[in-house]
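# Results of the structural survey
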Amino acid sequence: MTSQLNMIKARSAAFVLTCLCTMAVFGQNDGSEQNQTGRAGTFVITNARIYTVAGPVIENGTVVIQNGKIASVGTNVQIPGGAERIDGRGLSVFPGMIDADTRMGLAEITLAVPGSVDLAETGNMNAHTRAIKGIHPHSAHINVTRVNGITTVLSRPQGGTISGQAAVIDLNGSTPDEMAVISDFGLVINFPRVVAGGGFGGGGGGGGGGGQADFNALIRRRDQAVEDLKKIFRDAETHLKAQEAYSRDKSLPYVDANPALEAMGPYIRGQRPILFTVERERDIRAVAKFVADMKVKGIIIGGQEAWKAADVLKANNIPVVYTNIYSNPVRDDDPYDYLFNAPAKMESAGVKFAISTGDVGPESRDLPYQAGIAGAFGLAPDAALRSVTLSPAEILGVADRMGSIEAGKVANIVVADGNILEPRTNIRYMFINGRMIPLTSRHTRLFDSFKDRGVPERP
């Protein structure tokens, strides 16, 4: 009994310690950093170089921000009375960047504080899981990311076969609903792939290593997994049709609720896109066939070898959210720049794509540098900028609202002292939904704490 009591006490102490650590994670800030949603107003940026992305660069131009939107942009615009002026001499204005694949707000400290992680549900079929309901709006990752020029991200669940529904969010707001651009954007599916040792997942994979017979067995296993996935789609359609029939005729058998199958309705009927995590050419071609067979809308997440499958991607109107700039080449004999120059190859092949970090949270801040690397390995400068602004906006279905600097669009705007894709560039001003955002984060606080500390003199 004594040993049992000691064990209970130990577990209780561990629980209390975990709670205190979690409180430290979420409560250590003094209010100067988190939950600052900026201030609204009418702002005018003058004498700046304006990268509209949708059109030519405007030299010595003006942008007017009013009522949360871009009221006007150009070289000869009317400035509203009482507007707060920002002198843009020597500065450049860009659309806020968009990271089209993250887990932003769903995880804080993945390896040490399990209570701060809400990335995946148990089981393989979780179509009813909604990322928007798990997003922590005061995550430290949000400020760290947005002060680097990223204003919008897609945040998605992971794990299982059907992970759940991704959300498109702005990186500003006190609640998930305030942040939401599209609460339920797309259904995440880890598409079956040809790989030894597993049937699902988005990473690369090779053959079985045991000859052609083993590789053929892997192909058959992948094909069977695809058939199982199709059966889930057919079951969902049957369930929805039975529900609809019962709603019209109550004499028919009652249909029990099934939240997971019911959540699939807009996706299996082609009303919303499905996000397929997949990397290798053979698996990307399998996704394209699946999209054609099931008559759904598809988006590739990952896409290491998407340029090799350009023909089927274009034929089925499947864009790619490329997440592999920071990844290592898959095969031992792949050249070192195999993944760096893939965006340029997709551009040449006519594949619609966006560059993304694909990160859980903290590395999303590197989005501009990843696009910059692609620009250094063959992607034209204007295409590199477009790959993190207007292209992801188009893929996420929000190009009518953001992604370029045009009158009438939401004022998600970044003002910088240089090329936004270069590490030496500093963000000077940022606006999300027309609100001027304070450029503070855990990183800026740490920098400010240590920047003026001198090296102690030796005695």
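Thresholds, definitions, all that
- Residues numbered from 1 in each chain as written.
- Predicted model: local features only at pLDDT ≥ 70, side-chain atom pairs only at ≥ 80, totals over all residues.
- Heavy atoms only, no water.
- Helix = DSSP H or I, 4+ residues; strand = E, 2+ residues; numbered from the N terminus.
- Buried < 20%, exposed > 50% of the residue type's maximum accessible area, 1.4 Å probe, protein only.
- Contact = heavy atoms within 4.5 Å.
- Salt bridge = Lys/Arg side-chain N within 4 Å of Asp/Glu carboxyl O.
- Pairing = 2+ DSSP bridges.
- Axes fitted to C-alpha atoms, helices over the stretch in contact; angles between N-to-C directions.
- Phe/Tyr/Trp six-rings, centres within 6.5 Å; stacked < 30°, edge-to-face > 60°.
- Lys NZ or Arg CZ within 6 Å of the ring centre and 35° of its normal.
- Core = buried A, V, L, I, M, F, W, Y, C linked by side-chain atoms within 4.5 Å.
- Polar contact = N/O pair within 3.5 Å; in protein donor to acceptor, adjacent residues only side chain to side chain.
- Expected span 1.5 Å × (residues − 1).

The helix and strand inventory of the protein chain stands at 13 helices and 16 strands. Within the span of the protein chain, comprising 459 residues, buried residues form 50% of the whole. Here the contacts in the protein chain between residues at least 6 apart in sequence split such that 67% fall between residues at least 24 apart.

Trans peptide bonds make up most of the peptide bonds, and negative phi angles are found at most residues other than glycine. The backbone phi angle of Asn 60 is positive, close to 55°, even though this residue is not glycine. Its location among the elements puts Asn 60 in strand E2 (residues 58–66). The phi dihedral of Asn 317 falls on the positive side, at around 55°, and the residue is not glycine. Mapped onto the fold, Asn 317 is located in the loop between helix H8 (310–315) and strand E12 (320–322).

Below, the discussion takes up the environment of Leu 187. With respect to the helices, strands and loops of the structure, Leu 187 is situated in strand E9 (residues 180–190). For the pair formed by Leu 187 and His 128, sequence separation is 59 residues and the distance between their alpha carbons is 9.2 Å. Filtering out sequence-adjacent residues up to four positions away, Leu 187 remains in contact with Ala 127, Ile 162, Gly 164, Gln 165, Met 264, Tyr 267, Pro 273, Ile 274 and Leu 275.

Applying the stated criterion to the full structure yields 27 salt bridges. For Glu 305, the salt bridge identified is with Arg 280, shortest N-O distance 3.4 Å. Pair noted here: Glu 305 is in the loop between strand E11 (297–302) and H8 and Arg 280 is in the loop between strand E10 (273–278) and helix H7 (281–294), with a separation of 25 residues, a long-range link. We note that Glu 305, like Arg 280, is buried.

Further remarks concern the sheet that holds strand E13 (residues 353–355). Pairing is mixed in the open sheet, where 8 strands are placed in the order E6-E7-E8-E9-E10-E11-E12-E13. Two strands close off the open sheet at either side, each with one partner strand: strand E6 (97–102) and E13. Adjacent strand axes in the sheet meet at a mean angle of 25°, parallel and antiparallel pairs treated alike. Of the strand pairs in this sheet, strand E8 (residues 162–170) and E9 are connected by 6 bridges, and their pairing is antiparallel. Residue pairing in the sheet places Ile 162 in a bridge with Ile 189 of E9. Together, E10 and E11 form the strand contacts of H7, whose direction differs from that of E10 by roughly 160°.

Each aromatic ring pair is characterised by the separation of its centres together with the angle its planes make. All chains considered together, the criterion is met by 10 aromatic pairs. Plain terms: the ring middles of Phe 191 and Phe 290 are 5.6 Å apart, the flat faces sit at 75° to each other, and that makes the pair edge-to-face. One end of the pair, Phe 191, is in the loop between E9 and helix H4 (212–248); the other, Phe 290, is in helix H7, and 99 residues separate them in sequence. For the pair shown, Phe 191 and Phe 290 are each scored as buried. For the ring pair Tyr 336 and Phe 340, a centre distance of 6.5 Å and an interplane angle of 80° mean the geometry is edge-to-face. Overall, the relative accessible area of 59% leaves Tyr 336 in the exposed class. Here the aromatic residues Phe 191, Phe 233, Phe 276 and Phe 290 are joined through ring pairs into a cluster of three or more. Over the aromatic face of Phe 450 sits the side chain of Arg 453, whose NZ or CZ is 4.3 Å from the ring centroid.

The next subject is the nonpolar core. Membership of the largest hydrophobic core comes to 78 residues, with the highest contact counts inside it found for Phe 233 and Val 320. Ranked by residue count, the leading element in this core is H7, at 7 residues. Residue contacts for Phe 233: discarding those within four places in its chain leaves Ile 189, Met 264, Ile 268, Ile 274, Phe 290, Met 294 and Val 296. Counting 19 residues, the second-largest nonpolar core is a separate cluster that includes Ala 100, Leu 154, Ala 166 and Ala 354.

Moving on: the side chain of Ser 155. Inspection of the secondary structure assignment puts Ser 155 in strand E7 (residues 150–155). Given a relative accessible area of 0%, Ser 155 falls into the buried group. One polar contact links the side chain of Ser 155 to the main-chain carbonyl oxygen of Met 104, over a distance of 2.7 Å. Residues within four places of Ser 155 in sequence aside, it is in contact with Thr 102, Arg 103, Met 104, Leu 106, Ala 131, Ile 135, Ala 166 and Ala 167.

For E8, the tally of buried residues reaches 9 of 9 residues, placing the bulk of the element in the interior. Turn length for the E7-E8 hairpin, with the two strands adjacent in sequence and antiparallel, is 6 residues, and the turn residue Gly 159 shows positive phi of about 100°.

Turning our attention to H7. Its 14 residues place the ends of H7 20 Å apart at the C-alpha level, agreeing with the 20 Å of an ideal helix rising 1.5 Å per residue. When H7 is considered as a whole, its buried residues turn out to be Asp 283, Ile 284, Ala 286, Val 287, Ala 288, Phe 290, Val 291 and Met 294. Of the residues trailing H7, Lys 295 is marked for its positive phi of about 55°.

Along helix H9 (residues 342–349), the residues classified as buried are Ala 342, Pro 343, Ala 344 and Met 346. Within two residues after H9, Gly 350 carries a phi angle of roughly 80°, on the positive side.

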